[in-house]
Amino acid sequence: MNETPDCERARPLLAELATGTATGHERAWALGHVARCVTCRQELMDLARVADDLLLLAPRREPPPGFESAVVARIADATEAVTPAPPPDAIGTRPRSRVWPRIGVRLVAAAIVVVLAAVGGAAVAYWHGASDRRLAAQYEQTIGAAGGQYPRAVKVTTANGSVVGHVFFYTGAPAWATVALRDVPQSGDYAMSVLATDGKRYPEGVCTVTAGNGIASYPLPVTVAEIAAIELTRPGIALTVTP
Amino acid sequence: VEVCDDGLLAGMAAGDAQAAAAFVRRYQSRVYGLALTIVRVPAVAEEVAQDAFVRAWRFAGSYDTRRGPVASWLLAITRNAAIDTVRVTRDQPYDPNVVVAMLMDGDHGDSDGYSDRCADEERIRRALDDLPREQVVAVVLAAVGGLTAREIAQREGIPVGTAKTRIRLGLARLRNLLEVSDERDA
């Protein structure tokens, strides 16, 4: 076991990380250390398992009648929401298997046109594209400055689907997010949190919105791929980001 | 033949309504019971419990068996959903002593018939019994109630550093006790 001064500093924070109650810079720093240190990561996993085991002690209670069917209905609704229904079949009784070859032919034809256009335009584009290439080089240099691979921007929406800003993700070391809000219907402090795909919630402080606008940045507690959602809430309003 | 938890979860993730219904039936009393323990209002607990199952369905594909049994994973999702609700509408903070008592008294409520799980619970409860009371309170409030060290310090009227120490020592001791118990049972 290679105990380092950082391990010594991180060890007292692992229990709070394990219970999901560590906050602020302490948590960001400890997560950064755990990501690099196998020993502390194992310790954290052990403590997290113990913390989760405590939940088994909660008394069981039967929910009200109809609970099971209500859950199944909600899952069915959510399934439909993420899987749009196919449009009505304009071809009537034509078997589906005959539709796909026709679409395939059209796709191939379209692809040929696109390739020809691309080849034909490449020389012109290269000549005209000096500023774009400079931009691309700057982009590559900026992204790579802290070991990043790509940036990402995701919309922030209200419950009724209105877009009120974006969250910009950076995937380097450290990985971070910047929340930029505009035209938010309610001003005030919004509690920010990252919801991970394992269901764990990480509080990320507050974004203050004044006259509809607000901006805040924080280090990400998990990788972008492990983020299920980012939420910004204050009483009566919730803003959501789904990467 | 009883389908294992992993199988039901995989079926649910694949859109199998029967698997989803079976999964809900298997865990609804645990999920609702935990939600009720944290939010204390039956109607809110029902909403939280439903939300927890929907989240579980949504994240079923990312469940990793190496990170623990399905029950712990699902209950962690439930706790997080309940804490989210409590944080937004915290108008009736629960009494920490009541929560600790509910976890410690061994009242299983409506049994789901899984005796091996009951054995696990008894093992954990015995380990908790061996901890000083103040560490039990700190660990339970953090791990179940989702309270930060600062919030625990405010509730208990102690310095933040003391609350942090209680969480750290309590959880570490609990882990050691459970490891010893694992070795004895092996």
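Keep in mind it's a predicted model, so treat the numbers as computed, not measured.

Regarding the overall build of chain B
Per the secondary structure count, chain B includes nine helices and zero strands. Ordered by position from the N terminus, the helices and strands of chain B form the series α-α-α-α-α-α-α-α-α. Across the 186 residues in chain B, those meeting the buried criterion constitute 52%. Restricting the contact set of chain B to residue pairs at least 6 apart, pairs at least 24 apart contribute 66%.

Looking at the pattern of salt bridges
Applying the stated criterion across every chain, the model contains 18 salt bridges over all chains. B:Arg175 is the salt-bridge partner of A:Glu43, the closest N and O atoms lying 3.1 Å from each other. Taken together, the residues A:Glu43 in helix α4 (residues 38-53) and B:Arg175 in helix α9 (residues 160-185) connect one chain to another. Taken individually, A:Glu43 and B:Arg175 each receive the classification buried, so the pair is uniform in this respect. For B:Glu121, the salt bridge identified is with A:Arg60, shortest N-O distance 2.9 Å.

What to know about the interface of chain B and chain A
Facing 67 residues of chain B, the contacting portion of chain A comprises 46 residues. Buried area between chain B and chain A, summed over both chains or domains, comes out near 5400 Å², and the portion from carbon and sulfur atoms is 63%. Between chain B and chain A we count nine salt bridges in total. A:Arg74 is the partner of B:Asp51 in a salt bridge, and the nearest nitrogen-oxygen pair spans 3.6 Å. At the boundary of chain B with chain A, the tally comes to eleven residue pairs in polar contact (both at pLDDT 80 or more). Every element with two or more residues in the side of chain B that touches chain A is listed here: α2 (17-39), α3 (42-59), α4 (70-88), α5 (96-104), α6 (115-129), α7 (133-143) and α9 of chain B.

Brief notes about the pairing of strand β7 (residues 227-234) of chain A
Residues and elements named next belong to chain A. Of all eight residues that make up β7, six are buried, and the element is covered over most of its length. By the bridge criterion, five bridges tie β7 to strand β8 (residues 237-241) in an arrangement that is antiparallel. Its bridge partner being in β8, Glu231 is matched across the sheet by Thr240. Hairpin connection of β7 to β8: two residues between the antiparallel strands, including Gly236 at a positive phi of 95°.

Things to note about the packing of helix α1 (residues 5-13) of chain B against α2(B)
All names here are of chain B. Two elements in contact, α1 and α2, have axes whose closest approach is 8 Å; the angle formed by their N-to-C orientations is 135°. Considered as vectors, α1 and α2 are oriented oblique to each other. Every pair of crossing elements has a handedness; the one defined by α1 and α2 is left-handed. Contacts between α1 and α2 involve Asp5, Leu8, Leu9, Gly11 and Met12 from the former and Ala19, Ala20, Ala22, Phe23, Arg26 and Tyr27 from the latter. Split into classes, the residues belonging to the contact of α1 with α2 amount to eight nonpolar, one polar and two charged.

Observations regarding helix α8 (residues 149-156) of chain B
Residue and element names in this part refer to chain B. When α8 is considered as a whole, its buried residues turn out to be Ala149, Ile152 and Ala153. Down the axis of α8, the sector holding all buried residues measures 100°, keeping them to one side. Set apart from the buried face of α8 by more than 90 degrees, the exposed residues are Arg150 and Gln154. Within two residues after α8, Gly157 carries a phi angle of roughly 65°, on the positive side.

Parameters and conventions
- Residues numbered from 1 in each chain as written.
- Chains lettered and ligands numbered in written order.
- Predicted model: local features only at pLDDT ≥ 70, side-chain atom pairs only at ≥ 80, totals over all residues.
- Heavy atoms only, no water.
- Helix = DSSP H or I, 4+ residues; strand = E, 2+ residues; numbered from the N terminus.
- Buried < 20%, exposed > 50% of the residue type's maximum accessible area, 1.4 Å probe, protein only.
- Contact = heavy atoms within 4.5 Å.
- Salt bridge = Lys/Arg side-chain N within 4 Å of Asp/Glu carboxyl O.
- Buried area = accessible area lost by both parts, 1.4 Å probe.
- Polar contact = N/O pair within 3.5 Å; in protein donor to acceptor, adjacent residues only side chain to side chain.
- Pairing = 2+ DSSP bridges.
- Axes fitted to C-alpha atoms, helices over the stretch in contact; angles between N-to-C directions.
- Parallel < 35°, antiparallel > 145°, perpendicular 65-115°, else oblique.
- Left-handed = near helix turned anticlockwise from the far one by under 90°.
- Nonpolar A, V, L, I, M, F, W, Y, C, P; charged D, E, K, R; others polar.
- Arc of directions from axis to C-beta.

From the geometry alone we can't say anything about function, so treat these as descriptive.
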